[in-house]
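# Residue-level structure breakdown
In case you want the letters, here they are:
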Amino acid sequence: MPSISVLCPVYNTKPYLPRLLDSLMAQTFRDFELIAIDDGSTDGSGALLHDYAAHFPQMRILSRQKLGNPSALNTGLRNATGRYLAFVDSDDWVAPNFLEHLLTTAERTGADLVQCGYAYAYPDRKILRQSAWACRRTGNGIPLKDCPQLFFLDNTLCNKLLLRSMVERFEIQFDAELKMAADLPFFFAALLAAERIVVTDPVLYFYRQERSGQTTSATNRNCFSVFRAFEDVHQFIAAYGFDFIAPWLLHSSLSLFAYMYEKLVPELQMEFFQEMNHYFRSHGIDEHTPIPPGPWIGASLSDKIRWSMLRILHPAALKAILRNDKAAYDRAIAFRLFLLSSFRKAASLLTFR
């Protein structure tokens, strides 16, 4: 049994695959299996995987007709044999000590979930994503109940290591119906299930941005998947009695709904706005429902600016949604975009090669 199973769904990413596969072949830690799931690629990605497999003994290739990324990941989960699970996207890449750092941290602390820093890799720059406040709060490992603000972590799975027995015990899987936001319910469920969570600082994962065909670049009806994703989280919370997280789930939903709303083509925004109204009302949310602030103690200056911004905007956005006042919501979104643009410009000054 290998220590880590690395799951990698692949669909038509041939130009980017070599960088990922080379970075995995260069890992300082070798006791892992790479399960590449070719989800019906038509651009030669499958043949490229087989070329690499001839020189990469830890690599297994599972080929199938195209069923979508979440279903491909479920196929990987069923075939994983490692004690821990890691996830990589086929157009990204990792640092040489990515797996070694995550596993060493998990073994030292007994953590069920370990996270490292990552970077948004644009063609001309890299923007670092590190949660200094979470590093300070988690120390040698804490459960989510001791620090529910961890629900504010980015919901990507690709910079994390998960204990496979925990995932299986709570029957955590990917929702094959989700066209976007498939990581969200899986990650939130893992956060809730983990008895020990550790967040670390090193930037070891590189998340490619601004490539054509990227799922996160969609501006169409796929954005509506976010409502199903949050319903999946509600079902998991109800099944296992994790009701304490409800206020922080409200904070997360307001942030992600705003992100999806901004991406949509204008003709779909009214329908999305009505769906937000229905979502909040169906879960008993009203204008007086408290929205917890983001973490403050131990947060960096940039985090404090971000949390202060959301502390103002979230109540305004929720009030506009519940009052069915789209014009007021649009004003809040415009202000959010202005502030986020300023925030990202400042963050882009933190670059490295």
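Residues numbered from 1 in each chain as written. Predicted model: local features only at pLDDT ≥ 70, side-chain atom pairs only at ≥ 80, totals over all residues. Heavy atoms only, no water.

Following both chains from N to C, one finds helix α8 (residues 225–240) and helix α10 (residues 266–282) inclined at 15°, their axes separated by 11 Å at the closest point. Accordingly, the angle class assigned to the pair α8 and α10 is roughly parallel. The hand of the α8/α10 crossing is right-handed. Residues V226, F227, F230, E231 and H234 of α8 lie in contact with α10, whose contacting residues are F272, E275, M276 and Y279. (Axes fitted to C-alpha atoms, helices over the stretch in contact; angles between N-to-C directions. Helix = DSSP H or I, 4+ residues; strand = E, 2+ residues; numbered from the N terminus. Parallel < 35°, antiparallel > 145°, perpendicular 65-115°, else oblique. Left-handed = near helix turned anticlockwise from the far one by under 90°. Contact = heavy atoms within 4.5 Å.)

What follows concerns the pattern of salt bridges. Oppositely charged side chains can form a pair if their charged atoms are brought close together. Within this structure, the stated rule accounts for ten salt bridges. Among the ionic pairs, K66 bridges to D39, the shortest N-O distance being 3.9 Å. With K66 in the loop between β3 (59–64) and α3 (69–79) and D39 in strand β2 (residues 32–39), this pair connects stretches of sequence that are 27 residues apart. Residues E287 and R323 are paired through a salt bridge, measuring 2.9 Å at the closest nitrogen-oxygen approach. Separated by 36 residues along the polypeptide, E287 in the loop between α10 and α11 (301–322) and R323 in the loop between α11 and α12 (326–347) bring together distant segments of the chain. Classification of R323 by relative accessible area gives exposed; the value is 52%. Members of the salt-bridge network, linked through shared partners, are D39, R64 and K66. (Salt bridge = Lys/Arg side-chain N within 4 Å of Asp/Glu carboxyl O. Buried < 20%, exposed > 50% of the residue type's maximum accessible area, 1.4 Å probe, protein only.)

Another aspect to go through is the packing of aromatic side chains. This model, assessed by the stated rule, comprises 30 aromatic pairs. Relative to F236, the ring of F170 has its centre 6.3 Å away and its plane inclined at 45°; by these criteria the two rings are tilted. Of this pair, F170 sits in the loop between α6 (164–169) and α7 (183–193) while F236 is found in helix α8, placing the two residues 66 residues apart along the sequence. For the residue pair F170 and F236, the accessibility class agrees, reading buried in each case. For the ring pair F236 and Y240, a centre distance of 4.8 Å and an interplane angle of 45° mean the geometry is tilted. Taken together, the residues span about one helical turn, with F236 and Y240 both in helix α8 at a distance of four residues. (Phe/Tyr/Trp six-rings, centres within 6.5 Å; stacked < 30°, edge-to-face > 60°.)

We now examine the state of the cysteines. This model, assessed by the stated rule, comprises zero disulfides. Free cysteine C116: the closest other cysteine sulfur is in C135, separated by 10.0 Å. Free of any disulfide, C223 has its nearest neighbouring cysteine sulfur in C158, separated by 19 Å. (Disulfide = S-S within 2.5 Å.)

On to the pairing of strand β6 (residues 113–121), then. Within β6, eight of the nine residues are buried, which leaves it mostly tucked inside the rest of the structure. By the bridge criterion, three bridges tie β6 to strand β8 (residues 160–163) in an arrangement that is antiparallel. Paired with V114 across the two strands is L161, which belongs to β8. Bridge analysis of β6 against strand β9 (residues 197–208) gives eight bridges, and the strand direction is parallel. Bridge pairing in β9 places Y118 opposite Y205. In this sheet, strand β7 (residues 126–129) lies alongside β6 in antiparallel orientation, the contact comprising four bridges. Across the sheet, Y118 pairs through a bridge with R129, a residue of β7. (Pairing = 2+ DSSP bridges.)

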